[in-house]
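Descriptive analysis of the structure
What follows is each chain in one-letter form.
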4 protein chains.
Amino acid sequence: MTQETQIGLGKSGRLTYSLDDVAIVPSRRTRDPEDVSTSWTVDAYEFQVPIVGAPMDSVMSPQTAIALGKLGALGVLDLEGLWTRYDNPEPLLAEIATLDEATATRRMQEIYSEPIKPELITARLHEIRDAGVTVAGALTPSRTQEFYTTVLEAGVDIFVIRGDAVSAEHVSTNHEPLNLKQFIYDLDVPVLVGGAASYRAALHLMRTGAAGVLVGIGGGAASRMRTTIGMHAPMATAIADVAAARRDYMEESGGRYVHVIVDGGTGVSGDFVKSFALGADAVMLGTPLARATEAPGKGAHWGAEARHPRLPRGLRAKVATVGSLEEVLYGPSHTPDGTTNFVGALRRAMASTGYVSVKEFQQCNVVVAPYQLVNM
Amino acid sequence: MTQETQIGLGKSGRLTYSLDDVAIVPSRRTRDPEDVSTSWTVDAYEFQVPIVGAPMDSVMSPQTAIALGKLGALGVLDLEGLWTRYDNPEPLLAEIATLDEATATRRMQEIYSEPIKPELITARLHEIRDAGVTVAGALTPSRTQEFYTTVLEAGVDIFVIRGDAVSAEHVSTNHEPLNLKQFIYDLDVPVLVGGAASYRAALHLMRTGAAGVLVGIGGGAASRMRTTIGMHAPMATAIADVAAARRDYMEESGGRYVHVIVDGGTGVSGDFVKSFALGADAVMLGTPLARATEAPGKGAHWGAEARHPRLPRGLRAKVATVGSLEEVLYGPSHTPDGTTNFVGALRRAMASTGYVSVKEFQQCNVVVAPYQLVNM
Amino acid sequence: MTQETQIGLGKSGRLTYSLDDVAIVPSRRTRDPEDVSTSWTVDAYEFQVPIVGAPMDSVMSPQTAIALGKLGALGVLDLEGLWTRYDNPEPLLAEIATLDEATATRRMQEIYSEPIKPELITARLHEIRDAGVTVAGALTPSRTQEFYTTVLEAGVDIFVIRGDAVSAEHVSTNHEPLNLKQFIYDLDVPVLVGGAASYRAALHLMRTGAAGVLVGIGGGAASRMRTTIGMHAPMATAIADVAAARRDYMEESGGRYVHVIVDGGTGVSGDFVKSFALGADAVMLGTPLARATEAPGKGAHWGAEARHPRLPRGLRAKVATVGSLEEVLYGPSHTPDGTTNFVGALRRAMASTGYVSVKEFQQCNVVVAPYQLVNM
Amino acid sequence: MTQETQIGLGKSGRLTYSLDDVAIVPSRRTRDPEDVSTSWTVDAYEFQVPIVGAPMDSVMSPQTAIALGKLGALGVLDLEGLWTRYDNPEPLLAEIATLDEATATRRMQEIYSEPIKPELITARLHEIRDAGVTVAGALTPSRTQEFYTTVLEAGVDIFVIRGDAVSAEHVSTNHEPLNLKQFIYDLDVPVLVGGAASYRAALHLMRTGAAGVLVGIGGGAASRMRTTIGMHAPMATAIADVAAARRDYMEESGGRYVHVIVDGGTGVSGDFVKSFALGADAVMLGTPLARATEAPGKGAHWGAEARHPRLPRGLRAKVATVGSLEEVLYGPSHTPDGTTNFVGALRRAMASTGYVSVKEFQQCNVVVAPYQLVNM
């Protein structure tokens, strides 16, 4: 039963909660941080930490995907980004980082008007493969049919289909839409798909055979989905809803476990930790990785929605550089602001609440406690 | 059943919601933005987009009414504004735009003390008529009797009666008040009337025979109704309530459909989009059009309530100029701030939620999700 | 039945609302502002407007009490303030207005350590009497026994007993406390007493025979009761509660009507207007009158709680000077910020909701609509 | 019964409240401030005021522990702080006070890497003992086994075990964890233990035989627990919960009264006062004492969580110096900002609500009234 309130006589709406609205509370048992496990497994792929690097040009290059893999996480390259449009995107990345706010969007619209080159998709994926880490690349639903054979031939271990509101049932009068279920059935590799932000949308995506569902519709710090088109799915509610779909789908499918991967809105380690307490199996990080010394964005951060030619729905934001990728993941932290040592934070929260695995930690008690800086 | 809370032992009040409090959530179906229709029809008049230009001097001149008509929308001229008080209001518009905040109200009170000239009403309406677009003009209830024959003789396609709280039952000891029902019955043209902000007030206005009801009582960004006289009708609740009155009146009248036109509070495209999801048929835009290059306000923005001689209840505000009228309506947008491409935003939201017409989109799921910038 | 929420397992608390949380909504009837009456009567004293000048040195001098009386309102002189401590307080008032924030409290503690002179009480009250207006003076409960004979002999029409939490049952081991019931019974003049902020406290004060109850415990803009001692009674709830006590006491007493006078928290005309819609018979104004050209505070504003020798609980605040006393009360207003034309605002709100008297306006519909500047 | 809300389909959470969310309301009886008692007794130790100085290096030195004891309160020395790591920590304290924000944490991590010296524990406790005041020292759970014999041999009257989330059941695979129940049973001195923030955690700590439970998990102004690891226990709810555990444990144990000591989040006297109204027996003060002229932090303030070598979870904050320790406790106050005269504030609130002892004041009425500066 959902919690409905009457907005007006003609309309009801459900009360929803953001990660800022909730907090983890310890109970009667505690544990040593060293005794907890943060490992995560998707199909045959096991990761030391449940962290996925977001397919955003400011975050993932072939190099940072490799670095992330070597640190025990999974990096996903945006196969519609600068790395597959330009032989050498470095000068453009440098330029974007220095654009002033007023003109950044317009210039990005120009830069991203360059066509995607299939041979660059192949080259970038090979580069990651050659480094010996798990290879993952992302396409939007509308480009998937055009490029997926290129991607498969180049070789990926995990395929990601990611848009701002992806459904299992896309209707079009102009073209034959992607039949997700058939597509996934035909593929040999596990597919992560989203964003979805409701029980129903997620359940339908799970039924397509996806290995994981990305939770969120443009929920990151640089997104302006709510201002521009009025859409917003507060993340705490979305995670819990999709986790409920995972449970019900497991029942319905006779045991298939679909991973719930939070995508967006976890800018500080506290929000990252809360995601698991609400039901996440893994978290896709954008802003936190954009703050790494190695980040291709060089202090700038933006998503695919920020480069739309006619209706950009995200900012080219600025972020502070806080430390190496390794420090962001594993510390040590020298600032108490939630920007470094994400894994250490998760370990400590699990220890303080007495849980030994991420799966168990999903049962953790949370309270609704709107954030007040003064009383934090 | 409305949602009442006890304010104190002697008083209960209903919980109400603003557009900022709600958000649209996608569900399991999506669609191509090109496949949706945004057309809107009032009586014999069909418009490409459900957008009405507000009768405010900072927004509507004969020229912008014409421009808006050519762009597929409807412009409404304020027939008690500068264009019907002065032969050439351009110098005064230019002066108002440069007044400092402290003295703007006082100077506007002087400027608007000039009497309204019937012959200018005629001339302005003819100018719009001659351009071949739909002609619409607005009067306040208290001036309607004085000027409506002038207006009708000059010729309007759509007549607008607009005040800050208009009721179907106005009581006066000094003069015979306007009998709205008789007045509308006698007219040949469709009448849009408001503002109304509750089910009951709207239902009574619908019973007068109005073609549309304007929703809102001074809800725009430049209004100070709440600070000055304590009145406020949060817009999400008001829209849903008036939409419920439309449904019930359609039942009661045996099928007459009265249009619900949101008036105020939709400063960014996200709020514009939400209005439809809550039940609107069309939206009257003020601030967004005041941001157009062609806007007569030249970067300033004010409503009729700002010029009251003894109790001004609105600001002469400043707005940023962001692009042409066409860009505000149709884009392309080069900033992700909700100030341009209102129609594109509506199309995308409809597509992301799977609806093909504005009427269907009124059924869209919304959630209550108080706005938090950091988590947007 | 009050609306309780569980704070924790050991404690429940009632949900309360401030004036900022509520708003007035119009319904289906409207009226001309000229047709409403704002008169107010206490015992034999009739006032043109339901406004009482607060007994604060920054607001009330003998001169402003006279001016307010001539404008149709009631001014109450603080009989423990500077005017009864010093022959000529003008230089001290001027000094206080120029003190910097860091040292203002300490200097005020010194200034107010000067003893109260009975002969000055007499002289000040005579001065007001001689001007032909209604004479009212205020003492705190703890000083009432010491000075009331002086006050009565000097002659007052209305006696005010005002402290930050006044009860009908004060317990003391050191001295015989004031027996309010006996005291009021013995007096010949009507007594206004408070602050009270709950149904029960107000009902007990009503039973003492008071003609009016002041609602509020340090709720003004310059108060720091909540920061310093944790006490706060949100005003919308407090007014509605005390209005309920008025109703029940009228029943219990066989028809005695005790006036509900809001004291504090109505800094702008919108809040002043809302007070009546929640049940007030009159409103005691502090900040709004401190903004008048004639205000003795000369741009500074403070209450009695700000000068406590060991535990000051209020600020010496700064306010903008906005116009004459007459403009604050009756306009015309040249700024849409709620600082002038309080009576015009009340008239318009009453007209927009269709009520003809303040007593009827107490039945006005209000909604709970937390204030959001952007959507005002 | 707790108040649950549905966060999402897969998760519910309880609504919780901070001290900022609540306020004290007076009722129908009042009293003289001189007639109330603020005394507090733990075992054989009686204190004039229910105030405990927090074991934080910015607050407690041997000298301030002595000063606090002489003022009628209890000072607790951090036995893992600078005073037991360095012969002369004064230069380091001075250095920390002047560090800029960006580098403060890193430098503190270095400074605190110096090992704890048992002989300094002994010396510091002897110094306090020799001054004739009650002696109290704090260790974290993980260091208690290593150092407690040193502490007991040096002699303490009250032993404090304090960490950010302490449970009665700590699980470890690497070492034999502290058996709190056995440990407390074997000790001769009363033990205060925490932080705990829920009914269940507190009840289990009470069952270990503790004389008092510290309420709070990093709730102070300088804590960043919520940002870094997502944990937060809003204080109003936590206090009321632990007070309920006290009541139930007293029943279960046949009359053993365990003290509820609020630890963190009471930066101004208003919050300090509210703590008692919600059920506290005493309050451990950090920030307020860091504002004293004598504070070793010299204007800086930090807790143990701020110096963690890999995951710091608190700030080295800056606080204003406002007066002597005596003025912070007893006034007189010359600023109405809640930074001085904490005891006077408690007395006045008790008097205004008619209670004579802190134990009775725990029954005081509170309301839920989210803080709004403008209406304070």
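Shown above is the structure to which this text applies.
These numbers come from a predicted model, not from an experiment.

Procedures and definitions
For every chain, the first residue of the written sequence is number 1, and numbering continues from 1 onward in sequence order. Starting at A for chains and at 1 for ligands, labels are handed out in the order in which the entities are written. Side-chain atom pairs in this predicted model are given and counted only at pLDDT of 80 or more, local residue features only at pLDDT of at least 70, and totals for whole chains, interfaces and linings cover all residues. Only heavy atoms go into the side-chain values, all of them from the structure, while hydrogens and water stay out. Helix and strand assignments come from DSSP, with helices taken as H or I runs of at least 4 residues and strands as E runs of at least 2, each series counted from the N terminus. Radius of gyration means the value over C-alpha atoms here, while the globule rule gives 2.2 Å times the residue count to the 0.38 power. Categorising residues by exposure relies on relative accessible area from a 1.4 Å probe, with only protein chains included: less than 20% of the type maximum marks a residue as buried, more than 50% marks it as exposed, and the intermediate range marks it as partly exposed. Note: two strands are recorded as paired if DSSP finds a minimum of 2 bridges between them. By definition in these notes, contact holds between two residues if any of their heavy atoms fall within 4.5 Å. Here an angle of 0 to 180 degrees is reported between the N-to-C directions of two axes, which are lines fitted to C-alpha atoms, with helices fitted over the stretch in contact. When the copies are superposed, the least-squares fit takes in the C-alpha atoms of residues with a pLDDT of at least 70 in both. A side-chain nitrogen of Lys or Arg and a carboxyl oxygen of Asp or Glu constitute a salt bridge if their distance falls within 4 Å. The buried area of a pairing is the accessible area, by a 1.4 Å probe, that goes missing from both parts when the two are put together, added over both. Polar contact is defined as a pair of N or O atoms within 3.5 Å, subject to the rule that within protein one atom must be able to donate a hydrogen and the other to accept it, and that residues adjacent in sequence are counted only when both atoms are side-chain atoms. By arc we mean the arc of the directions from the helix axis to the C-beta atoms, nothing more. Stacked, edge-to-face and tilted labels apply to pairs of Phe, Tyr and Trp rings (six-membered ring for Trp) whose centres lie within 6.5 Å, assigned for plane angles under 30 degrees, over 60, and everything in between, in that order. Each angle receives one of four descriptions, namely roughly parallel if under 35 degrees, roughly antiparallel if over 145, roughly perpendicular if within 65 to 115, and oblique otherwise. Crossing handedness is defined as follows: a turn of the near helix away from the far one that is anticlockwise and smaller than a right angle gives a left-handed crossing, while the clockwise case is right-handed. Ten residues, namely Ala, Val, Leu, Ile, Met, Phe, Trp, Tyr, Cys and Pro, are considered nonpolar, four, namely Asp, Glu, Lys and Arg, are considered charged, and the remaining ones, Gly among them, are considered polar.

1. Brief notes about the overall build of chain A
Within chain A, the regular secondary structure consists of 14 helices and 19 strands. Taking 2.2 N^0.38 as the reference for a compact globule, 376 residues should give roughly 21 Å; the C-alpha atoms of chain A span a radius of gyration of 20 Å, in line with that estimate. Its C-alpha atoms give chain A principal-axis dimensions of roughly 55 × 50 × 45 Å. By residue count, 67% of the 376 residues in chain A fall in the buried class.

2. A closer look at the sheet that holds strand β13 (residues 191–196) of chain C
All names here are of chain C. Pairing is parallel in the open sheet, where nine strands are placed in the order β8-β7-β16-β15-β14-β13-β11-β10-β9. For this open sheet the edge positions go to β8 (74–75) and β9 (77–78), each flanked by a neighbour on one side alone. Direction of pairing for strand β7 (residues 51–53) relative to strand β16 (residues 282–285): parallel, over a ladder of three bridges. Looking at β16, one finds that Gly53 is bridged to Leu285. Each of β13 and β14 (212–215) touches helix α7 (residues 199–207); the most contacted strand, β13, lies at about 165° to it. Across the sheet, helix α9 (residues 235–253) touches β14 and β15 (259–263), and the angle it forms with β15 is around 165°.

3. Quick look at the relation of the copies chain A and chain D
Structural alignment of chain A on chain D gives an RMSD of 0.0 Å, achieved by rotating through 90° and translating 0.0 Å along the axis. Classification of the inter-copy transformation places it as that of a four-fold axis. Closest approach to the rotation axis within chain A is made by the C-alpha atom of Pro370 of chain A, at a distance of 7.8 Å. Take the interface residues of chain A: only 5% of them recur as interface residues in chain D, which is what a contact between different surfaces looks like.

4. Thoughts on the environment of Gly212 of chain B
All names here are of chain B. Among the secondary structure elements, Gly212 is positioned in strand β14 (residues 212–215). Between the C-alpha atom of Gly212 and that of Val242, which follows or precedes it by 30 residues, the distance is 11 Å. Residue contacts for Gly212: discarding those within four places in its chain leaves Val191, Leu192, Val193, Val258, His259 and Ile261.

5. As for the relation of the copies chain B and chain A
One copy of the chain maps onto the second through a rotation about an axis and a displacement along it. Structural alignment of chain B on chain A gives an RMSD of 0.0 Å, achieved by rotating through 90° and translating 0.0 Å along the axis. Each copy contacts the other with its own distinct surface, as only 5% of the interface residues of chain B are interface residues in chain A too.

6. Focus on the pattern of salt bridges
All names here are of chain D. Under the counting rule described, the total for this entry stands at 52 salt bridges over all chains. Between Arg14 and Asp241 there is a salt bridge, and its shortest N-O distance comes to 2.7 Å. Placement of the pair is Arg14 in strand β2 (residues 11–15) and Asp241 in helix α9 (residues 235–253), with a sequence separation of 227 residues. Taking the relative accessible area as the measure of exposure, Arg14 reaches 12% and is therefore buried. The partner of Glu146 in a salt bridge is Arg143, and the shortest N-O contact between them spans 3.9 Å.

7. As for the interface of chain A and chain D
Interfaces are often sized by the amount of accessible area the parts lose when they come together. Contacts between the two partners involve 61 residues from chain A, matched on the other side by 59 residues from chain D. Counting the surface lost from both chain A and chain D, the interface buries some 4,900 Å², and carbon and sulfur atoms represent 50% of this. If you look at where chain A meets chain D, you find zero salt bridges. Taken together, the connections running from chain A to chain D amount to 30 residue pairs in polar contact (both at pLDDT 80 or more).

8. Side note on the environment of Ala351 of chain C
All names here are of chain C. Its place among the elements puts Ala351 in helix α13 (residues 342–353). Note: C-alpha distance between Ala351 and Val36 (315 residues apart in sequence) is 6.8 Å. Not counting residues up to four positions away in its chain, the partners in contact with Ala351 are Thr30, Arg31, Asp32, Pro33 and Val36.

9. A short note on helix α2 (residues 90–98) of chain B
Residue and element names in this part refer to chain B. Along α2, the residues that are buried comprise Leu92, Leu93, Ile96 and Ala97. What you see down the axis of α2 is that its buried residues fit within an arc of 140°, all on one side. Along its buried surface, α2 packs onto α3 (101–111), β17 (300–301) and β18 (317–318).

10. Let's talk about the sheet that holds strand β8 (residues 74–75) of chain B
Residue and element names in this part refer to chain B. Across the sheet, nine strands lie side by side as β8-β7-β16-β15-β14-β13-β11-β10-β9; this open sheet has parallel pairing. Two strands lie at the open edges of the sheet, namely β8 and β9 (77–78), each paired on one side alone. Two elements, strand β13 (residues 191–196) and β14, share four bridges in a ladder whose sense is parallel. Residue pairing for β14: Gly194 is matched across the bridge by Leu214. Packed onto the sheet, helix α5 (residues 141–154) meets β10 (136–139) and β11 (158–162) and runs at close to 165° relative to β11.

11. Overview of the packing of aromatic side chains
Tallied over the full model, the rule gives 24 aromatic pairs over all chains. Their ring planes at 85° and their centres at 5.1 Å tell us that Phe272 of chain A and Phe276 of chain A sit as a pair that is edge-to-face. Taken as a pair, Phe272 of chain A and Phe276 of chain A lie in helix α10 (residues 269–277) at a separation of four residues, close to a single helical turn. The same class applies to Phe272 of chain A and to Phe276 of chain A, which are both buried. On the numbers, 4.7 Å between centres and 85° between planes, the contact of Tyr148 of chain C with Phe183 of chain C is edge-to-face. Taken together, the positions of Tyr148 of chain C in helix α5 (residues 141–154) and Phe183 of chain C in helix α6 (residues 180–186) put the pair 35 residues apart, joining distant regions of the chain. Taking relative accessible area as the criterion, Phe183 of chain C reaches 7% and is therefore assigned buried. Joined through ring pairs, the aromatic side chains of Tyr148, Phe159 and Phe183 of chain A make up one cluster.

12. Notes on the pairing of β11 of chain B
Residues and elements named next belong to chain B. Among the five residues that make up β11, five are buried, leaving the element largely enclosed by the rest of the structure. Of the two faces of β11, the one carrying Ile158, Val160 and Arg162 and the one carrying Phe159 and Ile161 are both buried. Here β10 runs beside β11; their pairing, made up of four bridges, is parallel. Residue pairing in the sheet places Ala138 in a bridge with Val160 of β11. Judged from the four bridges that link them, β11 and β13 form a sheet pairing that is parallel. The partner of Val160 across the bridge, within β13, is Leu192.

13. Side note on the interface of chain B and chain A
Facing the 61 residues of chain B at the interface are 59 residues of chain A. With both sides pooled, the region where chain B packs onto chain A buries about 4,900 Å², and carbon together with sulfur makes up 50% of that total. On inspection of chain B and its partner chain A, the count reaches zero salt bridges. For the pair chain B and chain A, the number of links is 30 residue pairs in polar contact (both at pLDDT 80 or more).

14. A look at the side chain of Thr287 of chain C
Residue and element names in this part refer to chain C. Relative to the elements of secondary structure, Thr287 occurs in helix α11 (residues 287–290). Note on Thr287: relative accessible area 12%, which makes it buried. Setting aside residues no more than four positions away along its own chain, Thr287 makes contact with Ala221, His301 and Val319.

15. Points about unusual backbone geometry
Of the consecutive residues Gly331 of chain A and Pro332 of chain A, the connecting peptide bond is found in the cis state with omega at 5°. Among the structural elements, Pro332 of chain A can be located in the loop between α12 (325–330) and α13 (342–353).

16. Observations concerning the arrangement of the chains
In this assembly chain A lies apart from chain C, the nearest approach of their C-alpha atoms being 12 Å. One finds no contact linking chain B with chain D; the least C-alpha distance across the pair is 12 Å.

17. Remarks on the packing of helix α7 (residues 199–207) of chain A against helix α9 (residues 235–253) of chain A
Residues and elements named next belong to chain A. Where α7 meets α9, the axes come as close as 8 Å, and the angle between the chain directions of the two elements is 40°. Regarding the angle of α7 to α9, the classification is oblique. As for how α7 packs across α9, the hand of that crossing is right-handed. From α7, Tyr199, Ala202, Leu203, Met206 and Arg207 reach across to α9, where they touch Asp241, Val242, Ala244, Ala245, Arg246, Asp248, Tyr249 and Glu252. Of the residues assigned to the contact of α7 with α9, the class counts are eight nonpolar, no polar and five charged.

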